[in-house]
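These are the residues of each chain, in order.
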Amino acid sequence: MIEAILYSLAGLAGLAIGGELLVRGAVGIAQRLGVSNLVTGLVIVGAATSMPEMVASVEAAMAGSPGIAWGNIVGSNIANTLLILGATALVMPIALSGSGRRDAVVALAATLLLWGITAMQIGSVWLGAALLAGIVAYVYWRYNHPHSDAGDEEDEPEAQVRLPAALLLFAIGLGLLVAGGQALVTGAIDLARLSGISETVIGLTVVAIGTSLPELAASVAAAIRGKPGLAIGNVVGSNIYNILLIGGVTMTIAPFAVPVEMLAYEMVLLALSAVAFLLLVWRAREISRMIGALLLVAFAANTAMMFA
């Protein structure tokens, strides 16, 4: 028990420090390459902070635990929208200005695709390959259309970091995030299993929350640094990567159907959270502290129901 607690605490420290370094490096890379903060969040930070989910889901798939693997993906996306956006907005209201509108549409489409795959109870290597092709197409489209959203840029003059230094910060931050995520998940799973919790619940809650902490650290750091596009891009980008990239790799390695028990409730909540995010970025001027608090309450209620 003590070892599990120490793993969890070490993981939290790694995530906190790594999140700040990752954002600093990503902003520096964006400045030097002339890429918008939103696209940096979508393509660079979104992918990087999804690595703990990748590690956890792939390890679970290879170990023959699809409940943990897919529960982690679904639970992480719910945590991204409700926990991370909520906590980030509570720390610092997130100005939207049209950022991420089309990406939110892609995220909703990916969510509905996952719902359909779950409902049809299909699983195959070819389906995994199709999901991977989807993420390749998305990254290609987003990189070649970096200014497709109004308000995509938050171009405030600031001291630029040299590209080698930015890359080093990004690499160190990513390493700390992955190591911290692994340590936290290891400790959290040990603690949960000592309590006799099922693998699906572990995947949807403990593992999902643990592997989502890099996104939380990165988004909060970005919001505090006055980079709302980076914070939004990180969340929506991670949601897309979780389904298409991590889901694709998981399905390719272990071509089993997504656990059907998630269809009745968690898939519904996942779709509703994706719709809510879409409405926010299309209609709201900012994600205020009040909205952030409501998102956190919804997340807390869902987590409590899982353990009820």
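As the structure is a computational prediction, the values presented were derived from the model and not from experiment.

**A word on the overall build of the chain**
- A tally of helices and strands in the chain yields 11 helices and 2 strands.
- Start at the N end of the chain and walk to the C end: the helices and strands fall as α-α-α-α-β-α-α-α-α-α-α-β-α.
- Out of the 308 residues belonging to the chain, those deemed buried represent 56%.
- Partitioning the intrachain contacts of the chain with sequence separation of at least 6 by distance along the chain shows that 90% fall at a separation of at least 24.
- With an accessible surface of roughly 12400 Å², the chain has 71% of that area assigned to carbon and sulfur atoms.

**Section: the nonpolar core**
- Core analysis: the largest hydrophobic core is formed by 64 residues, its most contacted members being Val74, Leu85, Leu114 and Ile287.
- With residues up to four places along the chain from it excluded, the contact list for isoleucine 287 reads Leu85, Ala89, Pro93, Ile94, Leu96, Ile232, Leu280 and Gly292.
- In terms of nonpolar packing, the next biggest core, distinct from the first, is built from 12 residues, Ala56, Ile68, Ile189 and Val207 among them.

**Examining the packing of helix H6 (residues 125-144) against helix H9 (residues 228-253)**
- It is the contact of H6 with H9, at a shortest axis distance of 7 Å, that shows an interaxial angle of 150°. Between H6 and H9, the interaxial angle falls into the category roughly antiparallel. Crossing of H6 against H9: the hand is left-handed. Residues Val125, Leu127, Gly128, Ala129, Leu131, Leu132, Gly134, Ile135, Tyr138 and Val139 of H6 form the contact with H9, whose own contacting residues are Ile240, Tyr241, Ile243, Leu244, Leu245, Gly247, Gly248, Val249, Met251 and Thr252.

**Considerations on helix H1 (residues 2-33)**
- With 32 residues, H1 should reach 46 Å at 1.5 Å per residue; the first-to-last C-alpha distance of 46 Å fits that figure.
- One or two steps after H1, the chain reaches glycine 34, where phi turns positive at roughly 70°.

**Some thoughts on the confidence of the model for the chain**
- Scored by pLDDT, the chain has a mean of 81; 88% of the residues are at 70 or more.
- Averaged pLDDT values for the elements of the chain fall to 65 in helix H2 (residues 37-48) and rise to 92 in helix H5 (residues 101-120).
- Counted against residues more than four places away or in other chains, residues 148-157, with its pLDDT under 50, gives 31 contacts.

**With respect to a nonpolar patch on the surface**
- Together, Met1, Ile2, Ile5, Leu6, Leu9, Leu12 and Leu194 make up a nonpolar patch on the protein surface, roughly 740 Å² of accessible area in all.
- Counting residues per element, the nonpolar patch draws most heavily on H1, which supplies 5 residues.
- As for its position among the elements, leucine 6 is in helix H1.

**Some remarks on the side chain of serine 57**
- With respect to the secondary-structure elements, serine 57 resides in helix H3 (residues 51-62).
- Assessed through its relative accessible area of 0%, serine 57 is described here as buried.
- Within the structure, serine 57 has its side chain in polar contact with the backbone oxygen of alanine 69 (distance 3.0 Å).
- Residues within four places of serine 57 in sequence aside, it is in contact with Ala69, Asn72, Ile73, Ile246 and Thr250.

**Thoughts on the environment of valine 125**
- Within the secondary structure, valine 125 sits in helix H6.
- Sequence separation between valine 125 and phenylalanine 256 is 131 residues; the distance between their C-alpha atoms is 9.0 Å.
- In contact with valine 125, not counting residues within four places along its chain, are Met251, Thr252 and Pro255.

**Regarding the packing of aromatic side chains**
- On inspection of all chains with the given rule, the structure shows 1 aromatic pair.
- For the ring pair tyrosine 138 and tryptophan 141, a centre distance of 6.1 Å and an interplane angle of 45° mean the geometry is tilted. Here tyrosine 138 and its partner tryptophan 141 are both found in helix H6, 3 residues apart, which amounts to about one turn of the helix.
- Classification of tyrosine 138 by relative accessible area gives buried; the value is 5%.
- In this structure tryptophan 141 comes out as partly exposed when scored by relative accessible area, which is 26%.

**Focus on the environment of serine 76**
- If you trace the backbone, serine 76 turns up in helix H4 (residues 66-91).
- Among the residues examined, serine 76 registers a relative accessible area of 0% and is labelled buried.
- The spatial distance from the C-alpha of serine 76 to the C-alpha of isoleucine 209 is 6.3 Å, given a sequence separation of 133 residues.
- Contacts of serine 76, omitting those with residues within four sequence positions, involve Glu53, Gly71, Ala208, Thr211, Ser212 and Asn242.
- A distance of 2.6 Å separates the side chain of serine 76 from the backbone oxygen of asparagine 72, its partner in a polar contact.

**Brief notes about the packing of H3 against H9**
- Direction vectors running N to C along H3 and H9 enclose 25°, while the axes themselves pass 10 Å from each other. Overall, the two elements H3 and H9 adopt an arrangement that is roughly parallel. Here the hand of the crossing between H3 and H9 comes out right-handed. Between H3 and H9, the residues in contact are Met51, Glu53, Met54, Ser57, Val58, Ala61 and Met62 and Ser238, Asn242, Leu245, Ile246, Val249, Thr250 and Ile253, respectively.
- Of the residues belonging to the contact of H3 with H9, the class tally is 9 nonpolar, 4 polar and 1 charged.

Criteria and thresholds
Residues numbered from 1 in each chain as written. Predicted model: local features only at pLDDT ≥ 70, side-chain atom pairs only at ≥ 80, totals over all residues. Heavy atoms only, no water. Helix = DSSP H or I, 4+ residues; strand = E, 2+ residues; numbered from the N terminus. Buried < 20%, exposed > 50% of the residue type's maximum accessible area, 1.4 Å probe, protein only. Contact = heavy atoms within 4.5 Å. Areas by Shrake-Rupley, 256 points an atom, 1.4 Å probe, with all protein chains shown as cover. Core = buried A, V, L, I, M, F, W, Y, C linked by side-chain atoms within 4.5 Å. Axes fitted to C-alpha atoms, helices over the stretch in contact; angles between N-to-C directions. Parallel < 35°, antiparallel > 145°, perpendicular 65-115°, else oblique. Left-handed = near helix turned anticlockwise from the far one by under 90°. Expected span 1.5 Å × (residues − 1). pLDDT = per-residue confidence, 0-100. Patch = residues over 30% accessible without salt bridge, like charges linked within 9 Å, V, L, I, M, F, W, Y side chains within 5 Å. Salt bridge = Lys/Arg side-chain N within 4 Å of Asp/Glu carboxyl O. Polar contact = N/O pair within 3.5 Å; in protein donor to acceptor, adjacent residues only side chain to side chain. Phe/Tyr/Trp six-rings, centres within 6.5 Å; stacked < 30°, edge-to-face > 60°. Nonpolar A, V, L, I, M, F, W, Y, C, P; charged D, E, K, R; others polar.

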